[in-house]
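Examination of the molecular architecture
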Amino acid sequence: MDPDSVKSTLQGLAFGNVMAAAARDYQKELLSQQKVQTSTNEEVNLDELMDDPELEKLHADRIASLKREAEKRQALKRQGHGEYREISEGDFLGEVTGSERVICHFYHREFYRCKIIDKHLKALAPIHVNTKFIKLDSENAPFFVTKLAVKTLPCVILFRNGIAFERVVGFQDLGSKDDFTTKAFENLLIKKGIINDRKDTEDSDAEDDGVDNKSRNVRSSTGKDSDSD
């Protein structure tokens, strides 16, 4: 091959490499400038958002909503919500008419299954603050036991605006077993419309200890669904 031709070719390749490198550098410079410009625009946009009256209104509305919710929860707690409490027969009417939604467990101190209900209601009360959770010793409340036709224990009566509209009697709706979870009981109460639906409830295991039954004024059902005489 002609030496002059080879030299010319090499020089052409070198010039081509220089131009390609220059083109790459120019492209990088353009991208860098675009990033800087984008960053500047973002800063400007953020500054504009900080002064946006609509955004400020949304923020103020959110704060006001949270404040109202906190005040509502405090008012409900003053009415006895947020905990599972025992009441007397004399307090019964005031308790069930003083809140929109009330769960009242008519129980007997010696009934093992009443203790299971106690455990689950105690776990649910702090979670479902919009509903009041109370319990009433059936032996000490003969008037309301008769008035509400409580014949089987445990008996959980659900009240809305002071009116009994549903009840859970024994464990028939819970698989007729003692080892149902708090989640299962919660789902049943949600289905009956006394508490609101929610997610990620932690399940609880049923208690294992038993208590011998004694004679009672309120008759309980036979079989596995309830404690019996």
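Labelled according to an unreviewed UniProt entry, the chain appears under the name Thioredoxin domain-containing protein, originating from Acorus calamus.

With the rule as written, the count across this model stands at 9 salt bridges. The closest approach of N and O atoms between Lys183 and Glu186, which form a salt bridge, is 3.8 Å. Of this pair, Lys183 and Glu186 both sit in helix 6 (residues 182-191), 3 residues apart, which is roughly one turn of the helix. One continuous salt-bridge network, built from bridges that share partners, spans Arg85, Glu95 and Lys132.

What follows deals with helix 4 (residues 112-124). Three- or four-residue spacings in an α-helix give side chains the same orientation, since the helix completes a turn every 3.6 residues. Given a rise of 1.5 Å per residue, 13 residues ought to cover 18 Å, and the 19 Å separating the end C-alpha atoms of helix 4 matches this to within 8%. Among the residues of helix 4, Tyr112, Arg113, Cys114, Ile116, Ile117, Asp118, His120, Leu121 and Leu124 are the ones counted as buried. Among the structural elements, strand 1 (84-87), strand 2 (101-107), strand 3 (132-137), strand 4 (155-160) and helix 6 are those in contact with the buried residues of helix 4.

Turning our attention to the nonpolar core. In terms of nonpolar packing, the biggest core is built from 21 residues, with Ile103, Leu121, Phe133, Phe185 and Leu189 touching the most fellow members. Top contributing element to this core by residue count: helix 4, with 5 residues. Contact partners of Phe133, with chain neighbours within four places excluded, come to Glu83, Tyr84, Arg85, Ile103, Leu121, Leu124, Ala125, His128 and Ile195. Within the second largest apolar cluster, 20 residues are counted, among which are Val96, Ala141, Leu153 and Cys155.

For the rest of this paragraph, the subject is the pairing of strand 5 (residues 163-169). With 6 bridges joining them, strand 4 and strand 5 adopt antiparallel strand pairing. Paired with Arg160 across the strands is Ile163, a residue of strand 5. Taken together, strand 4 and the strand that follows it, strand 5, pair antiparallel across an intervening segment of 2 residues, in which Asn161 is found at a positive phi of about 55°.

So, on to the packing of aromatic side chains. This structure, assessed with the given rule, holds 6 aromatic pairs. Centroid distance Phe92 to Phe144: 4.4 Å. Interplanar angle 45°. Geometry classified as tilted. Taken as a pair, Phe92 in helix 3 (residues 92-97) and Phe144 in helix 5 (residues 142-147) lie far apart in primary sequence, 52 residues in all. Given a relative accessible area of 2%, Phe92 falls into the buried group. By way of ring pairs, the aromatic residues Phe92, Phe106, Phe143, Phe144 and Phe159 are connected into one cluster. A cation over an aromatic ring shows up here: Lys135 above the ring of Tyr107, its NZ or CZ 4.4 Å from the ring centre. Residue placement shows Arg160 over the ring face of Phe165; its charged tip is 4.1 Å from the ring centre.

Our focus in this paragraph is helix 6. Where helix 6 is concerned, the buried positions are Thr182, Phe185, Glu186, Leu188, Leu189 and Ile190. In this fold, the buried residues of helix 6 make contact with strand 2, helix 4, strand 4 and strand 5. Gly193 occupies a position one or two residues after helix 6 and carries a positive phi of about 85°.

Ordered in space as 1-3-2-4-5, the 5 strands form an open sheet in which the pairing is mixed. The strands lining the two open edges of the sheet, one partner per strand, are strand 1 and strand 5. Pairwise comparison of adjacent strand axes, ignoring direction, gives a mean angle of 25° for this sheet. Examined bridge by bridge, strand 2 and strand 4 share 6 bridges and lie antiparallel to one another. Its bridge partner being in strand 4, Arg101 is matched across the sheet by Arg160. Contacting strand 1, strand 2, strand 3 and strand 4, helix 4 crosses the sheet at an angle of about 155° to strand 2.

Residue Pro154 is bonded to the preceding Leu153 through a cis peptide linkage, with omega at 0°. Looking at the element boundaries, Pro154 is found in the loop between helix 5 and strand 4. Phi at Ala149 takes a positive value of approximately 55°, unusual for a residue other than glycine. The topology assignment puts Ala149 in the loop between helix 5 and strand 4. By relative accessible area, which is 42% here, Ala149 ends up partly exposed. With a phi angle near 55°, Ser176 is a residue other than glycine that sits in the positive phi range.

Calculation criteria
- Residues numbered from 1 in each chain as written.
- Predicted model: local features only at pLDDT ≥ 70, side-chain atom pairs only at ≥ 80, totals over all residues.
- Heavy atoms only, no water.
- Salt bridge = Lys/Arg side-chain N within 4 Å of Asp/Glu carboxyl O.
- Helix = DSSP H or I, 4+ residues; strand = E, 2+ residues; numbered from the N terminus.
- Expected span 1.5 Å × (residues − 1).
- Buried < 20%, exposed > 50% of the residue type's maximum accessible area, 1.4 Å probe, protein only.
- Contact = heavy atoms within 4.5 Å.
- Core = buried A, V, L, I, M, F, W, Y, C linked by side-chain atoms within 4.5 Å.
- Pairing = 2+ DSSP bridges.
- Phe/Tyr/Trp six-rings, centres within 6.5 Å; stacked < 30°, edge-to-face > 60°.
- Lys NZ or Arg CZ within 6 Å of the ring centre and 35° of its normal.
- Axes fitted to C-alpha atoms, helices over the stretch in contact; angles between N-to-C directions.

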